[in-house]
Amino acid sequence: MDLKAFIRRLPKAELHLHIEGSLEPEMMFDLARRNGVILPYASVEETREAYAFSDLQSFLDIYYAGAAVLIHERDFYELAMAYFRRAQADGVVHAELFFDPQTHTARGVAFETVLAGLERAGQDALAQLGVSSRLILCFLRHLSEADAFAILEQARPHRHRIHGVGLDSSEQGHPPAKFERVFACCHDLGLRLVAHAGEEGPPSYVWEALDRLRIERIDHGVRATEDPELVARLVRERIPLTVCPLSNIKLRVFPDMAQHNLKHMLDRGLCVTLNSDDPAYFGGYIGQNFLEIAQALNLSRNDLVTLARNSLHASFVTHAERAPWLVELEAVAGQD
Ligand code: ADE
Ligand code: ZN
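Everything quoted here is computed from the prediction, not taken from an experiment. (Residues numbered from 1 in each chain as written. Chains lettered and ligands numbered in written order. Predicted model: local features only at pLDDT ≥ 70, side-chain atom pairs only at ≥ 80, totals over all residues. Heavy atoms only, no water.)

Caption draft 1: The arrangement of the pairing of strand β2 (residues 92-99) in detail. With eight of its eight residues buried, β2 lies for the most part within the structure. Note: strand β1 (residues 12-18) against β2, five bridges, orientation parallel. The residue of β2 that forms the bridge with H18 is F98. Examined bridge by bridge, β2 and strand β3 (residues 132-140) share six bridges and lie parallel to one another. Each residue of the ladder has a partner; that of A95, found in β3, is S133. (Buried < 20%, exposed > 50% of the residue type's maximum accessible area, 1.4 Å probe, protein only. Helix = DSSP H or I, 4+ residues; strand = E, 2+ residues; numbered from the N terminus. Pairing = 2+ DSSP bridges.)

Caption draft 2: Layout of the site of ligand 1. In the region of ligand 1, the neighbouring residues are H18, L56, F59, L60, Y63, D168, S169, H196, E199, H220, D277 and D278. Between ligand 1 and H18, the relevant distance is 3.3 Å, taken from a nitrogen atom to a side-chain nitrogen or oxygen of the residue. Interatomic distance of 3.3 Å between a side-chain N/O atom of H220 and a nitrogen atom of ligand 1. For ligand 1, the accessible surface in isolation is 260 Å², of which the surrounding protein chains cover 100%. With four residues, helix α4 (residues 56-66) is the largest single contributor of residues to the shell around ligand 1. A class-by-class count of the residues in the shell around ligand 1 yields four nonpolar, four polar and four charged. (Near = heavy atom within 4 Å. Polar contact = N/O pair within 3.5 Å; in protein donor to acceptor, adjacent residues only side chain to side chain. Areas by Shrake-Rupley, 256 points an atom, 1.4 Å probe, with all protein chains shown as cover. Nonpolar A, V, L, I, M, F, W, Y, C, P; charged D, E, K, R; others polar.)

Caption draft 3: Representation of the coordination of the zinc ion (ligand 2). Around the zinc ion (ligand 2), the protein contributes the donor atoms H16 (NE2), H18 (NE2), H196 (NE2) and D277 (OD), at 2.1 to 2.2 Å from the metal centre. Written as a sequence motif, the donor arrangement for the zinc ion (ligand 2) is H-x1-H-x177-H-x80-D. Of the two residues, H18 is situated in strand β1 and H196 in strand β5 (residues 192-197); the sequence distance between them amounts to 178 residues. The class of H196 is buried, set by a relative accessible area of 4%. (Donors = N, O, S within 2.8 Å, 3.2 Å for Na, K, Ca; no water.)

Caption draft 4: Region of interest: helix α10 (residues 203-211). Every buried residue of α10 is listed here: P203, Y205, V206, E208, A209 and L210. Residues of α10 that are buried make contact with β5, β6 (217-220) and α11 (228-236). (Contact = heavy atoms within 4.5 Å.)

Here you go:
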């Protein structure tokens, strides 16, 4: 079996995917036309050319501007369905989708509109594509604690429709501790907790996310390897890391794929998973992330199986949901 087919056949969970980051320029233009939104680009080609980022902030500025075309329930539904179709084609059996409600409520789009569109897509993805999913509400860390509490109040009546909360946006200068009280409240509501940490920020942000936010998974976390004590703890406590190689290269966390520390993390015994982050902006979906890192780091088929297995174990599904995927994974692993 060739490498691409092997990757596709591995049942995997995608655990780090910003649904707004799956907005392809073609859909951005279609929605802009339909909704009467003026874009700062003249064409799809010009849009893609603008995706030359120097760091996280240079990406975020363009990402938030692109999300302005999303207005109606149907827009969020179509966005998520397009993602689920691509994910299924890559062998994703389960996806935990991040969404950024503050980006939309700030423009006058109701929280309920966003949630309804994403939820309906999740139901149709399961029924039509066999892909299961969960929704994770992310707080924008460049905004205030009061803003985070305000969106949590809007989410509270919909508590049962949201599986967890996360923390994203500009990392530097916005340490996890800024949201300690918000996360304590989310913990009391029974929400699952994750946070971006150690993408551009230092290892101390990863410690803070663990100790003060009580998170269960670290999003990115690649800078954790700068602190051996932190690595030892992550290994000991089996804290999963949702690593996104194409994102890391596009945002210049590493100069090129050959210098990515994923293999080092795997060899150190960390529970690493592979994900796409913002695939429309970073050059590919989860299959492309597997392929490019496998080629650049000469990963073995066993490494790829480990990455897929980690993703299934790190997902927030029940044992009963996970069991058949693990059986299928071991069957594929045995055929390589
Ligand atoms: N929002 C979307 N993608 C992100 C990333 N990679 N880091 C922080 N916030 C984000
Ligand atoms: Zn992210």
